[in-house]
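If you want the building blocks of each chain, they are given just below.
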Amino acid sequence: MHQMREYTREALVQRLSAAIRNVPDFPKPGIVFKDITPILADAELFGLMTQALAAPYADAAITHVAAVEARGFILGAPVAQALGAAFIPVRKPGKLPAATVRESYTLEYGTDALEVHADAFTAGSRVLVVDDVLATGGTAAAACRLVERAGGTIVGVTVLMELGFLGGRAALGAQRTDTLLLY
Ligand code: AMP
């Protein structure tokens, strides 16, 4: 196994924050895109981020991590491995091959939908939802509703960063929500 240096949470947060690339006006004018690819491109930092996302849930008996394509998969799969949990992909409509459950949600303009395999969870499933960015919260809230409709229990939502000024936490109601970085 590779060696990782020990970091305080504060030092790690600082290093993660410094690595995120802000790309103005992407994918459209007025949006500052938070690009996590410089974190992924740093093997040590990618590993440290995974550990830090998983750590608050180490004793939460998580059985499944659910994450929304595409960046959610990149963070969610190693977090699932770190927690000894299964990984459940949440996808855009029409991508999953077997029977699915679908949940629609409202976007700034129009609606979108997410799907999960109908047999992904059982009554005892304790699920952690993982994503890179919590913005308005619409995506994470829809993922939570979807997991519950498919028979799982949401234990928490964990993200790398929360754009606090967009109020996503309120959209998640009383749901436990953890973030490493708050903007
Ligand atoms: P929302 O549903 O508004 O909370 O948006 C969350 C989803 O959109 C997440 O899956 C993010 O990956 C993506 N997202 C929203 N805002 C940004 C941003 N400023 N930079 C990068 N990704 C974003």
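Below, the structure is looked at part by part. (Residues numbered from 1 in each chain as written. Predicted model: local features only at pLDDT ≥ 70, side-chain atom pairs only at ≥ 80, totals over all residues. Heavy atoms only, no water.)

**Let's talk about the site of the ligand**
Stage number 1. In the region of the ligand, 13 residues are neighbours, and R71, D132, T136, G137 and T139 sit closest.
Stage number 2. Contact distances for the ligand include 2.8 Å between an oxygen atom and a side-chain N or O atom of D131.
Stage number 3. Contact between the ligand and D132: an oxygen atom at 2.7 Å from a side-chain N or O atom of the residue.
Stage number 4. Surface burial for the ligand is 81%, taken as the share of its 490 Å² of free accessible area covered by protein chains.
Stage number 5. Looking at the shell around the ligand, the elements with two or more residues in it are strand 2 (32-35), strand 7 (126-134) and helix 5 (138-149).
Stage number 6. When its residues are assigned to classes, the shell around the ligand shows five nonpolar, four polar and four charged. (Near = heavy atom within 4 Å. Polar contact = N/O pair within 3.5 Å; in protein donor to acceptor, adjacent residues only side chain to side chain. Areas by Shrake-Rupley, 256 points an atom, 1.4 Å probe, with all protein chains shown as cover. Helix = DSSP H or I, 4+ residues; strand = E, 2+ residues; numbered from the N terminus. Nonpolar A, V, L, I, M, F, W, Y, C, P; charged D, E, K, R; others polar.)

**Let's talk about the sheet that holds strand 3 (residues 64-68)**
Stage number 1. Strand order across the open sheet formed by five strands is 4-3-7-8-9, with parallel pairing between neighbours. Among the strands making up the open sheet, the edge pair consists of strand 4 (86-90) and strand 9 (177-182). Averaged over neighbouring strand pairs, the angle between their axes works out to 20° when direction is ignored.
Stage number 2. Pairing geometry for strand 3 and strand 7, over four bridges, is parallel. Each residue of the ladder has a partner; that of A67, found in strand 7, is V130.
Stage number 3. On top of the sheet, helix 1 (residues 9-19) reaches strand 8 (153-162) and strand 9; it is set at about 65° to strand 9, its chief contact. (Pairing = 2+ DSSP bridges. Axes fitted to C-alpha atoms, helices over the stretch in contact; angles between N-to-C directions. Contact = heavy atoms within 4.5 Å.)

What is shown is where atoms sit, not what they do.
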